[in-house]
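Summary of the model geometry
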Amino acid sequence: MASTLVTAPAPDPAPPAAPPGPARISFWRTWLGSGLLIAFLAFLILIPAGFVLLAAMTGSVPRPGNISFSPTFDNFSVLGVPEVRKAFLNSMIMAISATLLAALIGGGLAFLAARTDIRVPKFVYLVGLMPMFLPSYVGALAWSILGSPNAGLLNIGLRDLGLPAFIDLYSMPGLIMVFAIYYAPYTFLMVHAALSLMSPDLEEAAHIHGATTRTMLRRISFPLALPAVLGSAILTFTLIFENFPVAQVLGTPGGVDTLPTFIFRLLNATPSRGNESAAIAVVLVAVVIIATMLQNRVIAKRSYTTVSGKGVRNKKIALGRWRTPAFIAVLVFFTLSIVLPLLALLVTAGQTSPYMSTLGDLFEPGGFDLGIIGEVARSADFLSATSNSVVVSLFAATAGTILAFLCGYTVYRTKVGGRKLIEGISMVPLAIPAVVLGMGLLWTWLVMPIPLYGTLAVMAIAFVAVQSPQGFRGIASSIMQTDRDLEDSAVMLGASRSRAILAVTVPLMKVGLLSTFLLLLMLSMRELTVPLFLYTTDTKILSITIYDAFENGGALRGAAAMSLLYCLFMFILSYIPRRLAQK
């Protein structure tokens, strides 16, 4: 059988090597910018959180030259200690009870201001917001002056009237009351917006079909506002559960431990028990993450309501004979949240004797003198702390706004890879309690070869990390409201993209950028928990100076004077964004 040999055709010459071109260039264009942002955010936020997890899973805390990677679960045995279980139970009882009370107060004020014919509705709206102008720990310090079981001003007043002194704010009910007062504005803001923008169509239909006002509220209005109530309640629960300063000021003297105060005490023990505190912190983060996930789910469900942004004018509900009692209830809340705390600070700043057995002592010759406020305002400690606060806050607000703009623009105006990851990392601090992130930041900057620990710079960097969610959300909402056609038109007319952003988009977002800057500036001025882990004697800021003065007790009068000046400064800072928003 003949065989035929077929000569195989010569192979085609190998194609020329692909130019370094389209695919590779596309990859770099897609990932270079976003990759740098992701790496920076990971360095800023994820590494501190990772150090906390590492400390919880190993036998030593991260220190220079002493980072262990030998896993162990022994640290979690601290969770079985009765004190930790009690602290966890206290945290849950406090957070749940205060959240319910805050929802009742905030929701009630929102309903009165938005949907009723209550007297002076603008004042009622302001009362709902005003507790936000007073940092919660300053409010707690003021209430410790008012409600101390032995020397509290309220108990002194009761004794002056011949009544038994029964008020004790160093207790679980005291903690619940103070938390509810200073976190009610979160519910107020969300519920007021929902009630104000609610379409009146369903309510009018209910009236036409014969429903009474009470039935209409129970079957129509309140169910439509329920997502706002639930969303704000879960947010409030998260913030209260992780709060350290208020629990430290009011709970610790009365022996009411919470998880954040217990973690802080373990870290300050001798020797420091950082690994066990990190293990407890992991539990704290888990609870906050669960609450945050619930919050996201609840808020996401708002789309099924009939709340809309179109112009609506809801019919005001007549309160009738309840009009005056409702206004009196508003005045009572105003007195408890603002008047009494500021009055307590004023009395403490003015009393010339450290001991007071009766309020009549204030009216004795030389018994009351507010000259301390001027002395404090001119003192070196106050000026140094204020200067540090202003420098740190300005840097943190400026860097935070720039970072938030870069992240927001990348997420909402580009199609580069990793956009969702940028948004996700920016929002991570929301799920990490400040006391936990403070621990992680401390260990991070102790380990880093860059010698920034003990400087104002490390505090400013920490503030940028902690406040990244607020900055990102502020810029994101502004970017989404800004039309991108003008920027694209500038590019079509020959401008580079960067020039178009600087010449068109940034000026259009001027108000949003300024508002975000002022928000971050105010948050930086209020921050107390994170600086507690990072400050040194040379880098004290105003919040730390006030906290130290109250904790040491030796300079109570000066601390009260500083708190009054601090409140005035905070009020001015909070007033500016509202004026800008009205333009």
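Residues numbered from 1 in each chain as written. Predicted model: local features only at pLDDT ≥ 70, side-chain atom pairs only at ≥ 80, totals over all residues. Heavy atoms only, no water.

Section: the packing of aromatic side chains
For any pair of aromatic rings, the description rests on two quantities: the centre-to-centre distance and the angle between the ring planes. A complete count under the given rule lists 15 aromatic pairs for this structure. Residues Phe179 and Tyr183 carry aromatic rings whose centres are separated by 6.0 Å and whose planes lie at 40 degrees to one another, so their mutual orientation is tilted. One end of the pair, Phe179, and the other, Tyr183, are both in helix H6 (residues 172-196), four residues apart, so they sit about a helical turn from each other. Judged by its relative accessible area of 1%, Phe179 is buried. A relative accessible area of 8% means that Tyr183 is categorised as buried. (Phe/Tyr/Trp six-rings, centres within 6.5 Å; stacked < 30°, edge-to-face > 60°. Helix = DSSP H or I, 4+ residues; strand = E, 2+ residues; numbered from the N terminus. Buried < 20%, exposed > 50% of the residue type's maximum accessible area, 1.4 Å probe, protein only.)

Notes on empty space enclosed by the protein
With the rule as written, the count across this model stands at one cavity of 30 Å³ or more. If you go around the largest cavity, the residues you meet are Leu41, Gly400, Leu403, Ala404, Cys407, Ser426, Val464, Gln467, Ser468, Gly471, Phe472 and Leu520. Of all elements in the fold, only helix H14 (380-413) and helix H18 (468-481) reach the threshold of two or more residues within the lining of the largest cavity. Broken down by element, the residue count for the lining of the largest cavity peaks at four residues, all from H14. (1 Å grid on protein atoms, 1.4 Å probe; cavity = no way out; pocket = protein on both sides within 12 Å on 5 of 7 lines; lining within 4 Å. Points joined across faces, edges and corners; volume = space filled by probe spheres on them.)

Focus on the side chain of Gln467
Inspection of the secondary structure puts Gln467 in the loop between helix H17 (456-466) and H18. Owing to a relative accessible area of 5%, Gln467 belongs among the buried residues under this scheme. A polar contact is formed between the side chain of Gln467 and the side chain of Ser524, at a distance of 3.2 Å. What Gln467 contacts, discounting residues up to four positions off in sequence, is Leu520, Leu523, Ser524 and Glu527. (Polar contact = N/O pair within 3.5 Å; in protein donor to acceptor, adjacent residues only side chain to side chain. Contact = heavy atoms within 4.5 Å.)

A short note on the environment of Pro469
Within the fold, Pro469 resides in helix H18. Between the alpha carbons of Pro469 and Glu423 there is a distance of 8.9 Å; along the sequence they are 46 residues apart. Apart from the residues lying within four places of it in its own chain, the contact partners of Pro469 are Ser426, Met427, Pro429 and Leu430.

Examining the confidence of the model for the protein chain
Caution is warranted with low-pLDDT regions, since their predicted coordinates should not be read in detail. Mean pLDDT over the protein chain stands at 82; residues scoring 70 or higher make up 89%. Between residues 1-10, whose pLDDT stays under 50, and residues either more than four places distant or in other chains, the model counts zero contacts. Contacts of residues 303-309 to residues separated by more than four positions or lying in other chains number 10 contacts, the stretch itself having pLDDT below 50. (pLDDT = per-residue confidence, 0-100.)

A short note on a nonpolar patch on the surface
Together, Val339, Leu343, Leu346, Phe368 and Leu370 give the surface a local cluster of nonpolar side chains, amounting to about 360 Å² of exposed area. Inspection of the secondary structure puts Phe368 in the loop between helix H12 (323-350) and helix H13 (371-378). (Patch = residues over 30% accessible without salt bridge, like charges linked within 9 Å, V, L, I, M, F, W, Y side chains within 5 Å. Areas by Shrake-Rupley, 256 points an atom, 1.4 Å probe, with all protein chains shown as cover. Salt bridge = Lys/Arg side-chain N within 4 Å of Asp/Glu carboxyl O.)

Some words on the packing of H6 against H12
Look at H6 against H12: their axes get within 10 Å of each other, and the N-to-C directions meet at 110 degrees. Taken as axis vectors, H6 and H12 run roughly perpendicular relative to one another. The hand of the H6/H12 crossing is left-handed. Within the contact between the two elements, H6 uses Ile181, Tyr182 and Ala184 and H12 uses Phe333, Leu336, Ser337 and Pro341. Considered class by class, the residues forming the contact of H6 with H12 number six nonpolar, one polar and no charged. (Axes fitted to C-alpha atoms, helices over the stretch in contact; angles between N-to-C directions. Parallel < 35°, antiparallel > 145°, perpendicular 65-115°, else oblique. Left-handed = near helix turned anticlockwise from the far one by under 90°. Nonpolar A, V, L, I, M, F, W, Y, C, P; charged D, E, K, R; others polar.)

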